[in-house]
Amino acid sequence: MKEITLVPPAKSFFESMRDIGYTMETALADIIDNSITAQAKTIDIFADVKPDHRVCVIDDGYGMSRYEFHEGMRYASKDPRDVRHRSDLGRFGLGLKLASLSQCKKLTVVTRKNGQTNAGIWDQDHIDQKNDWSLQIPDDPTLVPYADMLGGSGTVVLWEKLDGIEDLTESDHSQTEFLSRINDCRSHLELVFHRFISGERGLKKCTISLNNLPLEPFDPFHQ
């Protein structure tokens, strides 16, 4: 029996994978899941409206080596059938990429581990132009926005070219809508991660802030 290899066109596959039903709240929760899995003690979220709308998540977790980073940026890098520790929240090797790119057209990740800093960019416009799986590697990772906030170890996840919010432009109305969605994210994250924020028994306490304002744990069963 003959076999042929059929590789999907990068630009159409990349675009189709972005539309799987994430909201900004659930997408951010996926990124924070990764940070908690990486044993982060502090997670900072920044949402900017100027000069462009962008969202950034910075953690002080254990970061990734170059090999781990390349695998982390690869689509479907993990086999969901593999045995993993129960605290490992990543099952399919898709969460970081799909969650991020459901909300933006440009995803930049900078990570530091054992004194080594690595960075890569998935950019929809670049993929469309080349029509191949071209991960862009910045010449100097330290020049990526927010990379200067990394400590000895950790990861920066930066969303740019946001298009997960409809009709997001530079108008005052769009800025109001953006900030409203960010406030919705705050409420969602305070609920989803209340056990970690409060340091519930058996869990490592994690401080999470949004635009320098710490999240407060919201336990729906203890009003």
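All of these numbers come straight from a predicted model, not from anything done at the bench.

1. As for the sheet that holds strand E3 (residues 104-113)
Note on sheets: strands pair through backbone hydrogen bonds, and any given pair is parallel or antiparallel.
Part 1 of the argument: Reading across from one edge, E4-E3-E5-E2-E1-E6-E7 is the order of the seven strands in this open sheet, with mixed pairing throughout. Strands with a single pairing partner mark the edges of an open sheet, and in this sheet they are strand E4 (116-123) and strand E7 (213-214).
Part 2 of the argument: Sheet topology places strand E1 (residues 42-48) next to strand E2 (residues 54-59); six bridges connect them, and they run antiparallel. Residue pairing for E2: Ile45 is matched across the bridge by Val57.

2. What to know about a nonpolar patch on the surface
Part 1 of the argument: A surface patch of nonpolar side chains, amounting to about 220 Å² of accessible area, comprises Leu191, Val192 and Phe218.
Part 2 of the argument: Checked against the element boundaries, Phe218 lands in the segment after E7.

3. Description of the confidence of the model for the protein
Part 1 of the argument: For the protein, the average pLDDT comes to 84, and 87% of its residues sit at 70 or higher.
Part 2 of the argument: Averaged pLDDT values for the elements of the protein fall to 79 in helix H1 (residues 10-18) and rise to 97 in strand E6 (residues 207-210).
Part 3 of the argument: Here residues 77-94 scores under 50 on pLDDT; set against residues more than four positions off or in separate chains, the count is 29 contacts.

4. Comments concerning the environment of Asp125
Part 1 of the argument: Residue position: Asp125 is located in helix H5 (residues 124-130).
Part 2 of the argument: When the C-alpha positions of Asp125 and Lys161 are compared, they lie 9.8 Å apart, and in sequence the two are 36 residues distant.
Part 3 of the argument: In this view, Asp125 contacts Lys105 and Lys161; residues no more than four positions away in its chain are not counted.
Part 4 of the argument: Among the polar contacts made by the side chain of Asp125, one reaches the side chain of Lys105 at a distance of 3.0 Å.

5. Observations regarding the nonpolar core
Part 1 of the argument: If you look at the biggest cluster of nonpolar residues, it comprises 43 residues, and the most contacted ones within it are Leu28, Ile45, Val55, Trp159 and Ile208.
Part 2 of the argument: Here Ile45 is in contact with Leu28, Ile32, Val55, Cys56, Val57, Leu189, Ile208, Ser209, Leu210 and Asn211, once residues within four sequence places are set aside.
Part 3 of the argument: In terms of nonpolar packing, the next biggest core, distinct from the first, is built from 11 residues, Ile58, Val144, Tyr146 and Leu158 among them.

The rules behind each value
- Residues numbered from 1 in each chain as written.
- Predicted model: local features only at pLDDT ≥ 70, side-chain atom pairs only at ≥ 80, totals over all residues.
- Heavy atoms only, no water.
- Pairing = 2+ DSSP bridges.
- Helix = DSSP H or I, 4+ residues; strand = E, 2+ residues; numbered from the N terminus.
- Patch = residues over 30% accessible without salt bridge, like charges linked within 9 Å, V, L, I, M, F, W, Y side chains within 5 Å.
- Areas by Shrake-Rupley, 256 points an atom, 1.4 Å probe, with all protein chains shown as cover.
- Salt bridge = Lys/Arg side-chain N within 4 Å of Asp/Glu carboxyl O.
- pLDDT = per-residue confidence, 0-100.
- Contact = heavy atoms within 4.5 Å.
- Polar contact = N/O pair within 3.5 Å; in protein donor to acceptor, adjacent residues only side chain to side chain.
- Core = buried A, V, L, I, M, F, W, Y, C linked by side-chain atoms within 4.5 Å.
- Buried < 20%, exposed > 50% of the residue type's maximum accessible area, 1.4 Å probe, protein only.

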